[in-house]
Amino acid sequence: MAEASSRTGQEGTARAEKARAVWSRDFALFFTARAIARLGDTMLPVALAAGLLQHGYGAGAVGLAMAATAAAFAGLVVFGGVLADRFSTRKLMIGADLVRLGTQALAAALFFSGHVVLWQICAIGFVNGVAGAVFQPGVASTVPRLASDIQGANGAIRVAESAAQLAGPAFAGLLVGFASPGGVFAAHATTYAVSALCLLLLRLPPLAPGSRTAAGRGSKAFRADLVEGWREFRSRQWLWGVIAVWCLYMIAVWGPTVPLVATEVVREHGPRAYGLVNSALGAGTVVGGLLALRLRPRRMLRAGAIALVGFAAFPLSVGAGLGVPAMATGAAVAGAGMSFWGVMWATSVQTQVPPDVLNRIHAYDVAGSLAMMPVGQALAGPAASALGADHVLLVAGVTSFGVCAALLMIPAVRGLVRVDVAASASGRTAAAPEPFHAEKR
């Protein structure tokens with residue numbers, strides 16, 4: 001009995017220590033900012049699909065509107081990474097939130113007025129993409145500066161974002177059903193205001209000892225920073241190997257899935273059904289985030305790639321024309337797999353890369369990951385017209401299996417050992433740990 005009580009006490013102490021390694025006032029503010037912003041982002045596809053369809057546009061228009069944001073983001077995020085390594089990441093993120101507050105307020109005014117022109121919506125999306133490119137690189141370096149348990153912090157943020165995914169589409173569906181798409185855009189603008197306020201109150205700790213800030217001024221120094229980031233990126237086979245596979249994923253799986261699922265479900269079952277299906281996706285991502293908080297696999301990317309197989313259930317269930325409950329189940333399975341992979345991937349990048357180039361590496365990671373997404377989104381409409389949206393979604397589901405297999409076939413990806421395990425093993429053999437170049441051992 002005493003032994004059991006001691007064991008219970010030790011487990012409770014371990015849980016308390018793990019919580020302290022994640023939670024603080026400043027991390028709570030960052031956590032809130034990410035959750036609220038994600039709430040707004042998950043409302044946007046419902047607003048775009050319902051609003052553009054309501055004004056006589058089709059699946060191709062929805063795809064183009066989404067592609068405008070993705071193209072600007074993917075094309076400029078690398079430059080955002082250099083800015084984040086040279087200037088205050090907090091100020092850059094606040095500025096980006098304020099820009100998007102203005103653009104989404106403008107979109108709300110257009111939809112409220114009934115004067116909706118596709119090029120204007122695409123232009124607003126493009127500006128949002130530019131702001132996102134400035135915002136996103138700083139996220140990678142902010143998490144390690146706020147929490148010592150990086151996987152736990154990433155898992156907590158993933159759960160919060162997933163809860164937003166659960167609530168956002170349902171709320172957007174209600175706003176569209178009982179008000180108008182303009183109300184969704186107004187609510188989206190408000191989420192950026194809240195995010196900016198949380199970041200304004202945030203006190204970001206200084207960089208870790210040994211980190212350096214990018215030096216020099218002018219275009220020559222800027223180019224040198226870009227080149228250094230690229231050199232660090234391509235020196236890690238596990239990193240560029242995943243990105244290469246992800247390009248195929250964006251073209252054939254994620255790119256067409258997002259707009260085609262939105263338009264197919266809204267057209268066949270209405271915006272409330274799409275809100276339900278997307279909320280199921282959010283529920284699945286909550287489960288995946290909770291699993292990522294609990295499970296600590298030795299080979300994180302291998303475990304994440306296996307979990308990613310579940311994403312195929314989403315496009316397959318919609319493409320097969322199943323009922324709303326079946327589509328919701330497929331979405332939940334997909335969300336769990338994608339969420340678990342996301343935490344494993346983010347933690348690997350944040351722990352395997354030196355802090356002084358982390359923003360640039362993350363920017364190259366994001367740019368490479370999303371480079372082909374606007375291509376997939378822009379081709380979604382023409383492909384659906386030629387083959388049928390259901391066939392395109394079925395192909396996306398089958399391709400998803402191939403992508404996961406490709407990830408597992410890359411030795412550097414399936415063999416990458418988490419930093420704490422690698423450091424422990426090095427310590428047992430009295431060798432100096434190499435936490436930032438584990439893939440070269």
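Please read these numbers as outputs of a predicted model, since none were measured by experiment.

Now for the environment of Leu-370. Its place among the elements puts Leu-370 in helix H15 (residues 358-370). Residues Leu-370 and Ile-251, spaced 119 residues apart in sequence, show a C-alpha to C-alpha distance of 9.4 Å.

It is worth spelling out the packing of aromatic side chains at this point. Enumeration over the complete set of coordinates arrives at 12 aromatic pairs. Judged by centre distance (6.2 Å) and plane angle (45 degrees), the rings of Phe-27 and Phe-31 are tilted. Note that Phe-27 and Phe-31 are positioned in helix H2 (residues 25-54) at a spacing of four residues, about one turn of the helix.

Looking now at the packing of helix H11 (residues 271-294) against helix H14 (residues 324-352). Each packed pair of helices is defined by two parameters, the angle between the axes and the distance between the axes. Where H11 contacts H14, the axes come no closer than 6 Å and their chain directions differ by 35 degrees. For the pair H11 and H14, the crossing hand works out as right-handed. Listed contacts from H14 to Ala-273, Leu-276, Val-277, Ala-280, Leu-281, Gly-284, Thr-285, Gly-288, Gly-289, Leu-291 and Ala-292 of H11 are Val-324, Met-327, Ala-328, Ala-331, Ala-332, Ala-334, Gly-335, Ala-336, Ser-339, Phe-340, Val-343 and Met-344. A per-class count over the contact of H11 with H14 returns 17 nonpolar, six polar and no charged.

Considering the arrangement of structural elements, one finds Ser-141 in helix H6 (residues 137-146). On the basis of relative accessible area, Ser-141 is assigned to the buried category, the value being 6%. A distance of 2.7 Å separates a polar atom in the side chain of Ser-141 from a polar atom in the side chain of Asn-359. The residues touching Ser-141, leaving out its near neighbours within four places in the chain, are Thr-89, Leu-358 and Asn-359.

Let's shift gears to the nonpolar core. Of all hydrophobic cores here, the largest spans 94 residues; its most connected members are Trp-238, Tyr-249, Phe-314, Trp-341 and Trp-345. Here the element with the most residues in this core is helix H10 (residues 237-269); it accounts for 15 residues. Discounting residues that sit within four places of it in the chain, Tyr-249 has contacts with Trp-254, Gly-255, Leu-308, Phe-311, Met-338, Ser-400 and Val-403.

Our focus in this paragraph is the confidence of the model for the protein chain. For any part of a model where pLDDT is low, the fine detail of the predicted coordinates should not be relied upon. The predicted model of the protein chain averages 80 in pLDDT, with 86% of residues at 70 or higher. Mean pLDDT in the protein chain bottoms out at helix H19 (residues 419-428), which sits at 48, and peaks at helix H12 (residues 300-308), which reaches 92. Confidence over residues 4-14 falls short of pLDDT 50; this stretch has zero contacts with residues more than four positions distant or in other chains. Across residues 421-441, where pLDDT falls below 50, the model places 28 contacts with residues more than four positions away in sequence or in other chains.

Taking 1.5 Å of rise per residue, 21 residues should cover 30 Å, and helix H17 (residues 389-409) covers 31 Å from first to last C-alpha, within 8% of that figure. Considered for burial, the residues of H17 that qualify are Ala-389, Val-392, Leu-393, Ala-396, Gly-397, Thr-399, Ser-400, Val-403, Cys-404 and Leu-407. At its buried positions, H17 is contacted by H10, H12, helix H13 (313-319), H14, helix H16 (373-387) and helix H18 (411-414).

On to the pattern of salt bridges. This structure, assessed with the given rule, holds seven salt bridges. Here Glu-161 ties to Arg-34 by a salt bridge, and the two come within 3.7 Å at their closest N and O atoms. Taken as a pair, Glu-161 in helix H7 (residues 150-178) and Arg-34 in helix H2 lie far apart in primary sequence, 127 residues in all. Note on Glu-161: relative accessible area 15%, which makes it buried. Judged by relative accessible area, Arg-34 falls into the buried class, the value being 14%. One salt bridge connects Glu-232 with Arg-236, and the closest N-O pair in it is separated by 3.0 Å. Taking the relative accessible area as the measure of exposure, Arg-236 reaches 0% and is therefore buried.

The next subject is a nonpolar patch on the surface. A cluster of nonpolar side chains, contributed by Val-99, Phe-126 and Val-127, occupies part of the molecular surface with about 230 Å² of accessible area. Within the element layout of this structure, Phe-126 appears in helix H5 (residues 118-135). Note on Phe-126: relative accessible area 41%, which makes it partly exposed.

Rules used throughout
- Residues numbered from 1 in each chain as written.
- Predicted model: local features only at pLDDT ≥ 70, side-chain atom pairs only at ≥ 80, totals over all residues.
- Heavy atoms only, no water.
- Helix = DSSP H or I, 4+ residues; strand = E, 2+ residues; numbered from the N terminus.
- Phe/Tyr/Trp six-rings, centres within 6.5 Å; stacked < 30°, edge-to-face > 60°.
- Axes fitted to C-alpha atoms, helices over the stretch in contact; angles between N-to-C directions.
- Left-handed = near helix turned anticlockwise from the far one by under 90°.
- Contact = heavy atoms within 4.5 Å.
- Nonpolar A, V, L, I, M, F, W, Y, C, P; charged D, E, K, R; others polar.
- Buried < 20%, exposed > 50% of the residue type's maximum accessible area, 1.4 Å probe, protein only.
- Polar contact = N/O pair within 3.5 Å; in protein donor to acceptor, adjacent residues only side chain to side chain.
- Core = buried A, V, L, I, M, F, W, Y, C linked by side-chain atoms within 4.5 Å.
- pLDDT = per-residue confidence, 0-100.
- Expected span 1.5 Å × (residues − 1).
- Salt bridge = Lys/Arg side-chain N within 4 Å of Asp/Glu carboxyl O.
- Patch = residues over 30% accessible without salt bridge, like charges linked within 9 Å, V, L, I, M, F, W, Y side chains within 5 Å.
- Areas by Shrake-Rupley, 256 points an atom, 1.4 Å probe, with all protein chains shown as cover.

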